[in-house]
Amino acid sequence: MLNPNWLMTFKTLIETGHFTQTADKLFMTQPGVSQHVRKLEEACGHALIKRINKTFEITEQGRLVYEYACQQAQSERNLLIQLGEDDPFSGRYKLACSGAMALTLYPQLLDIQQRHRGLSIEVEAAPNQRIMRQVESGEADVGIVTHVPNQSLLQVEEIGQEPLFIVVPKAYEQTPNLAETLLELGLVSHPDAEHYLSLYLSRCDDEQLRQVDTAKLHVSSYVNQINQILVPVARGLGFTLLPKSAVTSFVDADRIAVLQRETQVYETLYLIHKRHRVLPQRTTYLNQALKSLLSPCLRDSEPA
């Protein structure tokens, strides 16, 4: 890396055209200016000026170095300007969340980006553990998770509770015995299916459901693409469990049925970012926006 002091001295010399004026402008001695230029030439491996008595002419290599020094000076000015600014409508924002959340949030976040073209919004679908690793490492600015086992590295905000739904083919909407129906249909599995199933069966108010032997529950299909999970359900090939955000975005809603129980089962959502990180205004602005975007899918958290 070229010494920035040498570059500044050389840039000033070319602009003043005189060693003495350069020394005065930079509060240096004339021999000091000459030494900087000589060291820069040694570092570049080329003569940068051709000395003619008390004057000089810049060489082709010197011209290239001068242009580089100007670029460096401009970059530094731009950086100092940017450091003094914190524009809520400009810069990168990366969110890591579940596939269901991504399906719901990404199109709406793009609406915001269309209004504020200075923003660059990135959304990555990932499981809980990966989301937390990305936020801890700084790869993602914020994440939405359903469980935070260790909060020592993360700032955690509970943003609400999302209902979990059992989804069956439309023909099974009026099933008299849900437990038997699920065993008959089989599970359309996906990366979070076992977690949702365990959570639902442990919290629901249907005693028959609570007694379902999951070991007898066969897997009728599996897919890891969030927008495809309800396709086999719509074709009558099984049931599945998904959060509300994933169900409401399904295009063939008339071919599926959501089985509502007297007591709804909810999953708590947490918005996380790296602990002690000072968030720029764009992150604060977009965090508030995504909470508003999610509000139709969530209920407020219950008081502790």
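Just so it is clear, the structure is predicted and the values come from calculations on it, not from any experiment. (Residues numbered from 1 in each chain as written. Predicted model: local features only at pLDDT ≥ 70, side-chain atom pairs only at ≥ 80, totals over all residues. Heavy atoms only, no water.)

Considerations on the overall build of the protein
Tallying secondary structure elements over the protein gives 12 helices and 11 strands in all. A compact globule built from 304 residues should have a C-alpha radius of gyration of about 19 Å, whereas the protein, at 31 Å, is more than 25% larger. Overall, the C-alpha framework of the protein stretches about 105 × 40 × 35 Å when taken along its three principal axes. Looking at the protein residue by residue over its 304 residues, the buried ones come to 41%. Long-range contacts, defined as pairs at least 24 residues apart, comprise 74% of the intrachain contacts of the protein with a sequence gap of at least 6. Roughly 16,900 Å² of accessible area belongs to the protein as shown, and the carbon and sulfur atoms make up 49% of that amount. Of the side chains in the protein, 29 bear a positive and 35 a negative charge, and the two mean positions are spaced by 9 Å. (Helix = DSSP H or I, 4+ residues; strand = E, 2+ residues; numbered from the N terminus. Rg over C-alpha atoms; globule rule 2.2 N^0.38 Å. Buried < 20%, exposed > 50% of the residue type's maximum accessible area, 1.4 Å probe, protein only. Contact = heavy atoms within 4.5 Å. Areas by Shrake-Rupley, 256 points an atom, 1.4 Å probe, with all protein chains shown as cover. Lys, Arg positive; Asp, Glu negative; His and termini not counted. Charge placed at Lys NZ, Arg CZ, Asp CG, Glu CD.)

Some details on the state of the cysteines
Enumeration over the complete set of coordinates arrives at 0 disulfides. Between cysteine 44, a free cysteine, and cysteine 70, which holds the nearest cysteine sulfur, the sulfur-to-sulfur gap is 14 Å. Cysteine 44 sits in the partly exposed class, given a relative accessible area of 23%. (Disulfide = S-S within 2.5 Å.)

Overview of the UniProt feature "domain: HTH lysR-type" (unreviewed entry) in the protein
UniProt records the feature "domain: HTH lysR-type" (unreviewed entry) at residues 2-59, using the numbering of this structure. Helix and strand shares over residues 2-59 are 60% and 14% respectively, and the end C-alpha atoms of the span are 18 Å apart. (UniProt positions renumbered as here; feature names shortened; annotations may be inferred.)

Examining the packing of aromatic side chains
Evaluation of the coordinates by the stated rule reveals 2 aromatic pairs. On the basis of an interplanar angle of 80° and a centroid distance of 5.9 Å, the ring pair of phenylalanine 19 and phenylalanine 56 is categorised as edge-to-face. Residue phenylalanine 19 is located in helix H2 (residues 19-25), and its partner phenylalanine 56 is located in strand S2 (residues 55-58); the two are separated by 37 residues in the primary sequence. Across the pair, phenylalanine 56 and phenylalanine 19 agree in class, each one buried. Arranged with centres 5.1 Å apart and planes meeting at 85°, the rings of phenylalanine 89 and tyrosine 285 form a pair that is edge-to-face. Highlighted residues: phenylalanine 89 in the loop between helix H4 (60-83) and strand S3 (91-97) and tyrosine 285 in helix H12 (residues 281-294), separated in sequence by 196 residues. (Phe/Tyr/Trp six-rings, centres within 6.5 Å; stacked < 30°, edge-to-face > 60°.)

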